[in-house]
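The chain contents come next:
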Amino acid sequence: DHGEIAKALEERLEGENDPGRRTTLLLSLGAVHVVRGAYLDAIRAFERIDRHRKEGAIEMALVVDLNVASAYVAMGDFESAELAMSRIRESAVPEEFRDAFAMNRSAILVGKGAHAESIRFVEALPLAELPERSRLPFLRDLAESLAASGTDTSRAMEIATQCVSIDGGAQSHNVLAYVLIAQKKFEEAKAELAEALRLNHEGRPNLRVLAETWLYLGFAERGKGDVGAARESFQKAAKVEGGGRFSRAARREAESMPAPVDPGVPA
């Protein structure tokens, strides 16, 4: 229960005076809020960290801005994420934070729909040198951008399949489904999304991923020509609290669809 965890962390913070332990607790609190989809609460938690402190050679201002940017990315506010990232001098980012810095950059480009730039950015990274788990977010971004731009859906499929082999969780199945939708393989996409729903039951592990699943299911249903099912899926995605950019996109899709026809009302 992430709400209870957040409450427990707040209680511990009330009696904690050690600056280092407070920083650790606030980072944990912000991370819990991100998972539960309470992005503004996460940002407030990160911003309670003393930006002027140092932990060894690490400046807390860098840690704050990276985490705030990540929360804005999850929220789908890419302009605010870019603003937070602009406060960071890339040349001053320590080695242990370079992956996090690049992940934010990549996610912002994908979220803004700058797919060509996203592809160039990710392809310029030394992905082969990264551990699989660190490589995964970049592979997901690359597969999505390749599929969305129509540049190379075959390569997008290879990369999406890699994602599933590295981590067979709901988000990887969503990416694979997205590529299948780009290839107009709607039934296969629906099967992947059904698995994503099973793995991410009611969004307890991740609400944003749940909204992504319902959004893509709407795309698949619409591709099959089932307007009613598509509208229902878009509406479910739009209602997910903490769905970020996926809930926003679903809301736009639902609003752009023709109103359902009442069979009892003459045309």
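No experiment lies behind these values; they were computed from the predicted model shown.

Some details on the packing of aromatic side chains
Within the structure shown, the criterion is met by 4 aromatic pairs. When the ring of Tyr-216 is compared with that of Phe-246, the centres are 6.3 Å apart and the planes differ by 85°; the resulting orientation is edge-to-face. With Tyr-216 in helix H12 (residues 207-224) and Phe-246 in helix H14 (residues 244-256), this residue pair connects regions lying 30 residues apart in the sequence. An angle of 70° between the planes, with centres 5.7 Å apart, marks the rings of Phe-219 and Phe-234 as edge-to-face. With Phe-219 in helix H12 and Phe-234 in helix H13 (residues 227-238), this pair connects stretches of sequence that are 15 residues apart. For the pair shown, Phe-219 and Phe-234 are each scored as buried. Chaining the aromatic ring pairs together yields one cluster made of Tyr-178, Tyr-216, Phe-219, Phe-234 and Phe-246.

Some thoughts on the nonpolar core
Ranked by internal contacts, the top residues of the largest apolar core, which has 47 residues, are Val-179, Ile-181, Leu-215, Tyr-216 and Phe-234. Elements with a contribution of two residues or more to this core: helix H7 (115-123), helix H8 (132-149), helix H9 (153-166), helix H10 (170-182), helix H11 (186-199), H12, H13 and H14. Looking at which element gives the most residues to this core, the answer is H12, with 9 residues. Residues within four places of Tyr-216 in sequence aside, it is in contact with Glu-144, Asn-174, Tyr-178, Ile-181, Leu-193 and Phe-246.

Some details on the packing of helix H6 (residues 98-112) against H7
Viewed as axis vectors pointing N to C, H6 and H7 meet at an angle of 155°, and their least axial separation amounts to 8 Å. In terms of their interaxial angle, H6 and H7 are classed as roughly antiparallel. As for how H6 packs across H7, the hand of that crossing is left-handed. Packed against H6, whose contacting residues are Ala-102, Arg-105, Ser-106, Leu-109 and Val-110, the element H7 presents His-115, Glu-117, Ser-118, Phe-121 and Val-122 at the interface.

Describing the side chain of Ser-233
Note that Ser-233 resides in helix H13. In contact with Ser-233, not counting residues within four places along its chain, are Trp-214, Leu-217, Gly-218 and Glu-221.

Some points on the side chain of Glu-212
Tracing the chain through its elements places Glu-212 in helix H12. No salt bridge is formed by the buried Glu-212; the nearest opposite charge belongs to Arg-245, separated by 5.2 Å. What Glu-212 contacts, discounting residues up to four positions off in sequence, is Gln-171, Asn-174 and Phe-246.

Observations concerning the packing of H11 against H12
Where H11 contacts H12, the axes come no closer than 9 Å and their chain directions differ by 160°. The angle between H11 and H12 falls in the class roughly antiparallel. Considering how the two elements wind past one another, H11 and H12 form a crossing that is left-handed. On H12, the residues that touch Phe-186, Glu-187, Ala-189, Lys-190, Leu-193, Ala-196 and Leu-197 of H11 are Leu-210, Thr-213, Trp-214, Tyr-216, Leu-217, Phe-219, Ala-220, Glu-221, Gly-223 and Lys-224. Taken together, the residues that form the contact of H11 with H12 break down as 11 nonpolar, 2 polar and 4 charged.

Structural notes on helix H1 (residues 2-14)
In an α-helix, one turn spans 3.6 residues; hence positions three or four apart end up facing the same way. A rise of 1.5 Å per residue sets the reference length of H1, with its 13 residues, at 18 Å; its end C-alpha atoms lie 19 Å apart and thus fit the reference within 8%. Listing the buried residues of H1 in full gives Ala-6, Leu-9 and Leu-13. The arc that holds every buried residue of H1, seen down its axis, measures 60°, which confines them to one face. Opposite the packed face of H1, turned more than 90 degrees from it, sit the exposed residues Lys-7, Arg-12 and Glu-14.

Things to note about the pattern of salt bridges
As enumerated under the stated definition, the model contains 16 salt bridges in all. Of the charged contacts in the structure, one is a salt bridge between Arg-53 and Glu-55, with a shortest N-O distance of 2.7 Å. Salt bridges here are not isolated pairs; linked through shared partners, they connect Arg-51, Asp-65 and Arg-87.

Here we look at the layout of surface pockets
Here the largest pocket defines a volume of roughly 910 Å³. Around the largest pocket sit 32 residues that line it, and Ser-70, Val-73, Met-103, Asn-104 and Arg-208 are the ones nearest its centre. Elements that contribute at least two residues to the lining of the largest pocket include exactly helix H2 (19-35), helix H3 (39-47), helix H4 (60-75), H6, H8, H10, H12 and H14. Taken together, the residues of the lining of the largest pocket break down into 19 nonpolar, 7 polar and 6 charged. Considered as a void within the structure, the second largest pocket measures approximately 330 Å³ in volume.

Conventions and cut-offs
- Residues numbered from 1 in each chain as written.
- Predicted model: local features only at pLDDT ≥ 70, side-chain atom pairs only at ≥ 80, totals over all residues.
- Heavy atoms only, no water.
- Phe/Tyr/Trp six-rings, centres within 6.5 Å; stacked < 30°, edge-to-face > 60°.
- Helix = DSSP H or I, 4+ residues; strand = E, 2+ residues; numbered from the N terminus.
- Buried < 20%, exposed > 50% of the residue type's maximum accessible area, 1.4 Å probe, protein only.
- Core = buried A, V, L, I, M, F, W, Y, C linked by side-chain atoms within 4.5 Å.
- Contact = heavy atoms within 4.5 Å.
- Axes fitted to C-alpha atoms, helices over the stretch in contact; angles between N-to-C directions.
- Parallel < 35°, antiparallel > 145°, perpendicular 65-115°, else oblique.
- Left-handed = near helix turned anticlockwise from the far one by under 90°.
- Lys, Arg positive; Asp, Glu negative; His and termini not counted.
- Salt bridge = Lys/Arg side-chain N within 4 Å of Asp/Glu carboxyl O.
- Nonpolar A, V, L, I, M, F, W, Y, C, P; charged D, E, K, R; others polar.
- Expected span 1.5 Å × (residues − 1).
- Arc of directions from axis to C-beta.
- 1 Å grid on protein atoms, 1.4 Å probe; cavity = no way out; pocket = protein on both sides within 12 Å on 5 of 7 lines; lining within 4 Å.
- Points joined across faces, edges and corners; volume = space filled by probe spheres on them.

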